[in-house]
Amino acid sequence: MVMSSKTAISPRRDQDYPNWYQEVIKNGDLAENSEVRGCMIIKPWGYTIWENIKNELDCKFKETGHQNAYFPLFIPLKYMQKEAEHVQGFAKECAVVTHHRLVQDEQGKLIPDGKLEEPLVIRPTSETIIGETFSKWVKSYRDLPLLINQWANIVRWEMRTRLFLRTSEFLWQEGHTVHSTQAEAQQETLQMLQVYKSFAEDYLAMPVIAGKKSESEKFPGAVDTYSIEAMMQDRKALQSGTSHFLGQNFAKASNIKFLNREGAHQYAWTTSWGVSTRLIGGVVMTHGDDNGLVLPPRIAPVQLVILPIFKDSEERKKVFDYIEKINHEIKNTKFFNQEILTEIDDREIRGGEKKWQWIKKGVPLILEIGMKDIANNSVALIRRDDQDLKRVFIPRDKFLSEISGLLEDIQNKMYKRAFQYQKNNTRIIDQWNEFEKFFTPVQADKPEIHGGFARSLWCGELQCEEEIKQLNVTIRNIPLGAKPESGVCIKCGKPAKLRVIFAKAY
RNA sequence: CGGGGUGUAGCGCAGCUGGAAGCGCACCUGCUUUGGGAGCAGGGGGUCGCUGGUUCAAAUCCAGUCACCCCGACCA
């Protein structure tokens, strides 16, 4: 079939970004919508990416002293009620279980029966039930710090959903820790934020801005919420991870108390932090191009795919012999101390289509091997991060000695490109009219890609924040480590010291 | 909950002035092809959302009902 457009994905990013996103996921075989409203089916290619993310993060959590545990999916209604702000924040999006069996009516239809005394809420997050548990585990300062992580699914009944970015059910990890002092809990909060930041940058090649959330954007029940914010290619911000200092709010709500060295009862200090399958959406929108997904080598399910090219069974045998040897030698080299993940695609599909499938799946390196290569003792290599997808013929031995470096180079270039994009679309703005113009599309009916991150001064008042929201722009965070400045608020003109990130967001 | 729209093959759709259920993609078989997305030939696949009504005859007309989508509201 002749493609009507030159790119593998249609529409292109500049034509219709949200639609492009959906198409990349479909063509990249990451996930699909399920029959269950708002829920997604994560397909093997997408799930392996999640497993890779999970494995790496899990190591980092353990390196920082955390242990995994598992808590119930069902939360008794009365637990939810314990922290006032928390209830308010989640009440509107809870799935509630009210019955515990099914019976058949006269027509043979199944109907719920056996009403529960107390309804159960499917966890939208686990602060409450973990808090209840921790109150039993923590008796003495000797029990602290308590550093727990859970890998789980959670449910938030969202009105509008988008694959990976916002679904009713999603996968995540939630860390929950208890500390004897405020300072230690605050340090933990920032430490895990840093773990997220370096993971996003080193593994996902996704540059992020770490900072503190404004009062209105905080996690319900938290004292302070911190986030990492990434810029997508439509220049909108994606909150990619959060870390919360919960103060003593949940300790008081769940009665987490301990005896200190002086023998006095004291409420503990807690934190929680999480990242989710949303990160995959972030990878798609940070690196994807008009030919589909582009995966950072460090989380790619397959780092190099080998495509055999032959005409008949005689050639087939020769090509496969050559390929097997090369594959074996590739496996003897390492990438970040791990065996390079290769796949020989021997499916009986025509070569061109096969290649494009891998391009759309974002595999970092594609190797084509045919009779020419055997004759020349070479390989044909395509780099996925090369916009033109040029085929380069290089000597076999040269390729083998360079493969690890090639993957590293792809990883680094992907980060640099994304970093440059973020930088190019971040502006210091100190005039309201410039701010307004920055965030207003030229075509009102069909907005083009516009805006970005505005670093502007803010007085700290909720009212200004609310007024700016009229533009669909919110404070993403207040970057950490910023030098104090004196100036005036972008909106009201009153004295301001905080330079914050304003952006449209997912 | 308001405003608009759509339900026909796995997906995307046509058919809608009533008269034998179709097209494209995907799938299967064969032959020819194979380093930028193959060609030809053949083939499989349907409770036309559901219920009722009008009619000799309903995917088509009418009524009801259910589901989903888009724009608001809500949420980030």
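Position numbers for residues start from 1 in each chain and track the written sequence from start to end. The lettering of chains begins at A and the numbering of ligands begins at 1, in the order of writing. Owing to the predicted nature of the model, reporting of local features is limited to residues with pLDDT of at least 70; listing and counting of side-chain atom pairs is limited to 80 or more, with chain, interface and lining totals taken over all residues. As a rule here, side-chain values cover all heavy atoms of the structure and leave hydrogens and water aside.

### Topic: the state of the cysteines
Each disulfide consists of a covalent bond between the sulfur atoms of two cysteine residues. Counted only if it meets this: Cysteine sulfur atoms are paired as a disulfide whenever they fall within 2.5 Å.
Scanning the model with the defined rule gives zero disulfides in all. Left unpaired, Cys 94 is separated from the closest cysteine sulfur, that of Cys 39, by 15 Å. Here Cys 464 stays free of any disulfide, with the sulfur of Cys 492 as its closest cysteine sulfur at 3.5 Å.

### Re the protein's contact with RNA strand B
As a reminder of what qualifies: To be near a molecule or strand, a residue needs just one of its heavy atoms within 4 Å of it. Polar contact is defined as a pair of N or O atoms within 3.5 Å, subject to the rule that within protein one atom must be able to donate a hydrogen and the other to accept it, and that residues adjacent in sequence are counted only when both atoms are side-chain atoms. Helical segments are the DSSP runs of H or I of at least four residues, strand segments are the runs of E of at least two, and each set is numbered from the N terminus.
Not every one of the 32 residues close to RNA strand B is listed here, only the nearest: Arg 350, Lys 360, Asp 373, Ala 380 and Arg 391. Of what RNA strand B places within 4 Å of the protein, 45% of the atoms are sugar or phosphate. A distance of 3.4 Å separates a base oxygen of RNA strand B from a polar backbone atom of Ala 8. At a separation of 2.7 Å, a base nitrogen of RNA strand B approaches a polar side-chain atom of Lys 360. For the surface near RNA strand B, the element with the highest residue contribution is helix α10 (residues 351–361), accounting for six residues.

### Some remarks on the pairing of strand β20 (residues 378–383)
Short version of the rule: Relative accessibility decides the category of a residue: with a 1.4 Å probe and only protein chains considered, values under 20% of the type maximum give buried, values over 50% give exposed, and everything between is partly exposed. Only strands that DSSP links by at least two bridges are regarded as paired with each other.
Among the six residues of β20, six are classified as buried, and the element is accordingly described as predominantly covered. Burial along β20 is two-sided: the face carrying Ser 378, Ala 380 and Ile 382 and the face carrying Val 379, Leu 381 and Arg 383 are both buried. Pairing analysis gives four bridges linking strand β19 (residues 365–369) to β20, with the strands arranged antiparallel. Looking across to β20, one finds that Leu 367 is bridged to Leu 381. Pairing of β20 with strand β21 (residues 391–395), which is carried by five bridges, proceeds in the antiparallel orientation. Bridging across to β21, Val 379 finds its partner in Ile 394.

### Remarks on the packing of helix α1 (residues 17–27) against helix α8 (residues 278–287)
Condition: Geometry is summarised by axes, namely lines fitted to C-alpha atoms with helices restricted to the contacting stretch, and by angles between N-to-C directions that run from 0 to 180 degrees. Convention used here: angles under 35 degrees read as roughly parallel, angles over 145 as roughly antiparallel, angles from 65 to 115 as roughly perpendicular, and any remaining angle as oblique. Here is the rule for handedness: rotate from the far helix to the near one, and if that takes an anticlockwise turn smaller than a right angle the crossing is left-handed, while a clockwise turn gives right-handed. Any two residues having at least one pair of non-hydrogen atoms within 4.5 Å are treated as being in contact. Residues are grouped as follows: nonpolar covers Ala, Val, Leu, Ile, Met, Phe, Trp, Tyr, Cys and Pro; charged covers Asp, Glu, Lys and Arg; every other residue, Gly included, is treated as polar.
It is the contact of α1 with α8, at a shortest axis distance of 11 Å, that shows an interaxial angle of 115°. Considering their axes alone, α1 and α8 lie roughly perpendicular with respect to each other. Relative to α8, the crossing made by α1 is right-handed. For the pair α1 and α8, contact is made by Tyr 17, Trp 20, Tyr 21, Val 24 and Ile 25 and by Gly 281, Val 284 and Met 285, respectively. Residues that form the contact of α1 with α8 fall into these classes: seven nonpolar, one polar and no charged.

### Details of the environment of Leu 307
With respect to the secondary-structure elements, Leu 307 resides in strand β15 (residues 304–308). Along the sequence, Leu 307 and Asp 345 sit 38 residues apart, while their C-alpha atoms lie 5.5 Å from each other.

### Looking at the sheet that holds strand β6 (residues 110–122)
Taken together, the three strands give an open sheet; going across it, the order is β4-β6-β5, and neighbouring strands pair in antiparallel fashion. Only two strands of the sheet have a single neighbouring strand rather than two, namely β4 (74–76) and β5 (96–104). The mean angle between the axes of side-by-side strands here comes to 45°, regardless of whether they run parallel or antiparallel. The pairing of β5 with β6 spans seven bridges and is classified as antiparallel. Among the inter-strand pairings, Gln 104 is bridged to a residue of β6, identified as Leu 110.

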